[in-house]
Amino acid sequence: MSSTTAVAESSPLAFLTENPISSALSSLHASFRERRQALGLKNPGTVENLSREVLKDVFLNNHTFSGMRADLMKSFSMNPVFQISHAFTMGAQGLPPYTFAAVFGNDKTFMQASVDNDGQVSGRFNYRWVPGLISKMNVQLAPGSAHGQSVFTSDLDYSGDDFSASVKAFNPSVLDGALTGIFIGSYLQAVTPRLSLGLESVWQRPAAAHGPETALSYVARYASDDWIASMQFQGQGALQATFYKKIAERVEAGVDCQLTFAGGMARGGGGGMMGGGRREGITTIGAKYDFRNSTFRAQIDSQGKLSCLLEKRVAPAVTLTFAGDMDHSKNVAKLGLGVSVEAAPEDLMEMQERAAAAGEAPNTPSMPF
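This report concerns the structure included in the present document. (Residues numbered from 1 in each chain as written. Predicted model: local features only at pLDDT ≥ 70, side-chain atom pairs only at ≥ 80, totals over all residues. Heavy atoms only, no water.)

### Observations concerning the packing of aromatic side chains
In plain terms, the rule: Classification of ring pairs uses Phe, Tyr and Trp, with its six-membered ring standing for Trp, and accepts pairs whose centres are within 6.5 Å; under 30 degrees between planes counts as stacked, over 60 as edge-to-face, and the remaining range as tilted. Note on exposure labels: buried denotes an accessible area under 20% of the residue type's maximum, exposed denotes more than 50%, and partly exposed covers the range between, all computed with a 1.4 Å probe on protein chains only. Whether a charge sits over a ring depends on NZ of Lys or CZ of Arg being within 6 Å of the ring centre and within 35 degrees of the ring normal.
Within the structure shown, the criterion is met by nine aromatic pairs. The interplanar angle of 75° and the centroid separation of 4.8 Å between the aromatic rings of Y127 and W129 together place this pair among those described as edge-to-face. Overall, W129 belongs to the exposed group, its relative accessible area being 52%. Members of the aromatic cluster, joined through ring pairs, are Y158, F163 and Y187. Here the basic side chain of R69 rests over the ring of F65, its NZ or CZ set 5.7 Å away from the ring centre.

Right, here's the structure in full:
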């Protein structure tokens, strides 16, 4: 014992930890950590999902489509998840006529790949290194005639007990003699059990001949028992505010307001980061109704665009989807009709039916999304 103590005392690096300054800093850090734990703070989520309840759950922007669509999916395993799908479309804007996709996922890994009839290949790979650290890569390879549309993104997300930090890179490159691409860093900290504050910074350089551009955003989120309010203010002059309200057990509503005073760009909006000065504003109100075997979403914005979407499960493995929107200002109307069919081996279907009858959730892994 004495020999070990003597070796530790004679270590040439012992002065780095055994001095009054390091001892004071260590004591201050321990006291600060104890006070944070006493506040009962929880992880606030990420800046990317700051308004998830409104923009992704209530609104139908990520669900609507036009034309005809058919999705045929087959699951081979639930844990780990292994699934393939065939998607057929007709008259749909921005969607290829045919797409084949495969998904694999477990508690540490998530992989997804797809290829369409035009030869465009895309893939996603997420890996959970430790419980709070997830790396993500997304690759999209366009055919030779549209090689300039290829995209590569890399993300690194960390979720702490009461904060979240993220670093993203879009098409990073040094082949032009200078660093190009888009880089985004964000941080969201819970300051009270209900209030969270954060920052998001953007650095972009489209080409070596162009100078870099930067932007800084301030975000805030307040979560009550049955309503959530969020706000993002960009230094270039853009403000986005959302409000989410759970009206009843199966009824939810949301409001999104975007104001642009200068060349800024709110989340989900258009325009360049440093575009020309303008003053614009748009407000969208939406609602979501969950019935026993169906879900109905509807929204209307201040520019006169009305949209609705109905998803109806007509059988345990068959879902019908109807989508429609009418833009009164442009006098344009679109309709969409889709069907989704899920198939699985008999033993897997029986396991799912038994879990549903018992009111239990399926035994699926917690994949790193």
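### Here's the deal with a nonpolar patch on the surface
Inclusion rule: Like-charged residues are merged into a patch within 9 Å and nonpolar side chains (Val, Leu, Ile, Met, Phe, Trp, Tyr) within 5 Å, provided each residue has over 30% relative accessible area and no salt bridge. The accessible surface values rely on the Shrake-Rupley method and a 1.4 Å probe; as for residues, cover is taken only from the protein chains in view. For this document, the term salt bridge refers to a Lys or Arg side-chain nitrogen within 4 Å of an Asp or Glu carboxyl oxygen. Each helix is a run of H or I in the DSSP string that is no shorter than four residues. Each strand is a run of E no shorter than two, and both are numbered from the N terminus.
There is a patch of nonpolar side chains on the surface, built from L199, L216, Y218, M231 and F233 and spanning about 420 Å² of accessible area. Breaking the nonpolar patch down by element, the ones donating at least two residues are β11 (213-223) and β12 (227-234). With respect to the secondary-structure elements, F233 resides in strand β12.

### Re the nonpolar core
Selection rule: Put simply, buried Ala, Val, Leu, Ile, Met, Phe, Trp, Tyr and Cys residues joined by side-chain atoms within 4.5 Å make one nonpolar core. It only takes one pair of heavy atoms within 4.5 Å for two residues to be counted as in contact.
Judged by nonpolar contacts, V54, L55, V58, F59, I228 and Y244 together constitute the single largest core of six residues. Looking at this core element by element, the count peaks at three residues for helix α3 (residues 52-58). Setting aside its immediate chain neighbours within four residues, F59 contacts V54, G254, V255, D256, T284, I285, G286, R297 and Q299.

### Focus on the pairing of strand β5 (residues 121-130)
Successive residues of a regular strand alternate their side chains across the two faces of the sheet. The following threshold applies: For two strands to pair, DSSP has to find at least two bridges joining them.
Bridge analysis of strand β4 (residues 109-116) against β5 gives seven bridges, and the strand direction is antiparallel. Opposite V115, over in β5, you have V121 as the bridge partner. Note that β5 and strand β6 (residues 133-141) share nine bridges and pair antiparallel. Residue pairing for β6: V121 is matched across the bridge by L141. Connecting β5 to the antiparallel partner β6 that follows it, the hairpin turn spans two residues.

### Considering the pattern of salt bridges
For the structure on display, the rule yields 11 salt bridges. We note a salt bridge from K168 to E48, for which the minimum N-O separation is 3.1 Å. Of the two residues, K168 is situated in strand β8 (residues 163-173) and E48 in the loop between α2 (20-38) and α3; the sequence distance between them amounts to 120 residues. The exposure class assigned to E48 is partly exposed, which follows from its relative accessible area of 47%.

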